[in-house]
Amino acid sequence: MSATSDWSSSQYLKFEAERTRPSRDLLAQVPLEFPETIVDLGCGPGNSTAVIAARYPDSRITGMDSSPDMIKKAKATLPNIEFTLGDLHTYPPKEPTDLFFTNAVFQWVPYADRIPIIKRLIQTQSSGGVFALQVPDNANEPSHAGMRIAALEGPWAKTLSGRRTALDPFQTPQELYDEIKPLCSSLDIWHTNYEHVLDDHWAVVEWVKGTGLRPFVDPLSEVEKEGFLKAYLERIKKAYPAQYDGKVLLRYPRLFMVAVRA
Ligand SMILES: C[S@@+](CC[C@H](N)C(=O)[O-])C[C@H]1O[C@@H](n2cnc3c(N)ncnc32)[C@H](O)[C@@H]1O
């Protein structure tokens, strides 16, 4: 992520309702009545943290994130919650944590680092502690395949060549099970496919501009960026036919995991 600029909380929050819904769906499966301590790992602008605080108003909740812009926005939105700047690779929880919650974050962690970080954090938990994770599982969706193909075709290809642009696909449920289950008394893994109703094809571009498109466009000059976005938009138009009213359905598969510490 070093070649990528900081996150933009305002771009990310353009689709706040859609982006926050998986947090609610994940939290609904967390089997804890009154967790004392909760950490929202990769809390972003605090949208997932607000969902947690609504269900657990009496818990001690901390949000952590590596983006200064996201932490600033989270602090401004939820002044009564503690937010800290940190990186998952080195993050040490200050105290035993009953619930680690992480929504739409671990896909940004390099493939080989994900399982070791998740295991390290679960190992700090007491029996009955929960690690709840959701990640987009859309590497092969046209929205993401389209970025990779557009990156190869055009004058911007040279600038992007050799850079880490596309995110690594996420581990399969089978891989997660074999790695995580030995530490747990129960492990619940599932997929949900959302069909987000977006206003038009450009809205798909706006959606990914806040997330997966960032590593592709950040290294480009203004002229290259404009050309790349135009080429990408054309791919999106072909892959997602408009509905009768002009709207576009963005299919969005997501992977969920709720692990209970043995
Ligand atoms: C897509 S946003 C998710 C925000 C929020 N959790 C939500 O539910 O919408 C991903 C967040 O993960 C953070 N992030 C990515 N890699 C990280 C790392 N290694 N350590 C801490 N935060 C990280 C980013 O800064 C960003 O705010």
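All values reported here derive from a predicted model rather than from experimental measurement. (Residues numbered from 1 in each chain as written. Predicted model: local features only at pLDDT ≥ 70, side-chain atom pairs only at ≥ 80, totals over all residues. Heavy atoms only, no water.)

A. Broad picture of the overall build of the protein. The number of helices and strands found in the protein is eleven helices and seven strands. Its C-alpha atoms give the protein a radius of gyration of 19 Å, near enough to 18 Å, the size a compact globule of 262 residues would have. Its C-alpha atoms give the protein principal-axis dimensions of about 55 × 40 × 40 Å. Expressed as a percentage of its 262 residues, the buried residues of the protein come to 50%. Accessible area of the protein: about 12,300 Å², with a carbon and sulfur share of 53%. Positive and negative side-chain charges of the protein, numbering 29 and 33 respectively, have mean locations separated by a distance of 3 Å. (Helix = DSSP H or I, 4+ residues; strand = E, 2+ residues; numbered from the N terminus. Rg over C-alpha atoms; globule rule 2.2 N^0.38 Å. Buried < 20%, exposed > 50% of the residue type's maximum accessible area, 1.4 Å probe, protein only. Areas by Shrake-Rupley, 256 points an atom, 1.4 Å probe, with all protein chains shown as cover. Lys, Arg positive; Asp, Glu negative; His and termini not counted. Charge placed at Lys NZ, Arg CZ, Asp CG, Glu CD.)

B. Up close: the nonpolar core. Among the nonpolar cores identified, the biggest contains 49 residues, and Leu99, Leu213 and Phe228 are the most heavily contacted of them. By residue number, the principal contributor to this core is strand E7 (residues 248-261), which donates six residues. Contact partners of Phe228, with chain neighbours within four places excluded, come to Met147, Ala150, Ala151, Trp156, Leu160, Leu213, Phe216, Val217 and Leu220. Listed in part, the 26 residues of the second largest apolar core include Met64, Phe106, Ile117 and Phe170. (Core = buried A, V, L, I, M, F, W, Y, C linked by side-chain atoms within 4.5 Å. Contact = heavy atoms within 4.5 Å.)

C. Summary view of the environment of Val197. Relative to the assigned elements, Val197 resides in strand E6 (residues 184-198). Separated by 51 residues in the primary sequence, Val197 and Val248 have C-alpha atoms spaced 5.8 Å apart. Apart from the residues within four sequence positions on either side, Val197 is in contact with Glu18, Lys247, Val248 and Leu249.

D. Spatial organisation of the UniProt feature "domain: Methyltransferase" (unreviewed entry) in the protein. Look at the UniProt record and you will see "domain: Methyltransferase" (unreviewed entry) annotated at residues 38-129. Helix makes up 35% of residues 38-129 and strand makes up 21%, while its end C-alpha atoms are separated by 10 Å. (UniProt positions renumbered as here; feature names shortened; annotations may be inferred.)

E. The arrangement of the pattern of salt bridges in detail. As enumerated under the stated definition, the model contains eight salt bridges in all. Measuring nitrogen to oxygen at the nearest pair gives 3.3 Å for the salt bridge that ties Lys209 to Glu206. A residue pair is termed a helical-turn pair when its members lie 3 or 4 positions apart in one helix, as Lys209 and Glu206 do in helix H9 (residues 201-209) at three residues. Classification of Lys209 as partly exposed rests on a relative accessible area of 27%. Take Glu206: its relative accessible area is 13%, and that puts it in the buried class. (Salt bridge = Lys/Arg side-chain N within 4 Å of Asp/Glu carboxyl O.)

F. Representation of the pairing of strand E2 (residues 60-65) within the structure. Of all six residues in E2, five are buried, a share of seventy percent or more. Note: strand E1 (residues 37-41) against E2, five bridges, orientation parallel. Bridging across to E2, Val39 finds its partner in Thr62. Handedness of the crossover joining E1 and E2 through helix H3 (residues 47-55): right-handed. Across four bridges, E2 lies against strand E3 (residues 82-85) in parallel orientation. Paired with Gly63 across the strands is Phe83, a residue of E3. After leaving E2, the chain enters helix H4 (residues 68-77) and then returns to the sheet as E3, a path that is right-handed. (Pairing = 2+ DSSP bridges. Right-handed = clockwise from strand over helix to strand, strands pointing away.)

G. Seen up close, the sheet that holds strand E5 (residues 130-136). Taking strand neighbours across the sheet as the criterion, the seven strands line up as E3-E2-E1-E4-E5-E7-E6 in an open arrangement whose pairing is mixed. Among the strands making up the open sheet, the edge pair consists of E3 and E6. Direction aside, neighbouring strands of the sheet carry axes that sit 15° apart on average. The pairing of E1 with strand E4 (residues 99-103) spans three bridges and is classified as parallel. Each bridged residue has a counterpart across the sheet, and for Ile38 the counterpart in E4 is Leu99. Packed on one face of the sheet, H9 meets E6 and E7 and runs near 30° to E7. (Axes fitted to C-alpha atoms, helices over the stretch in contact; angles between N-to-C directions.)

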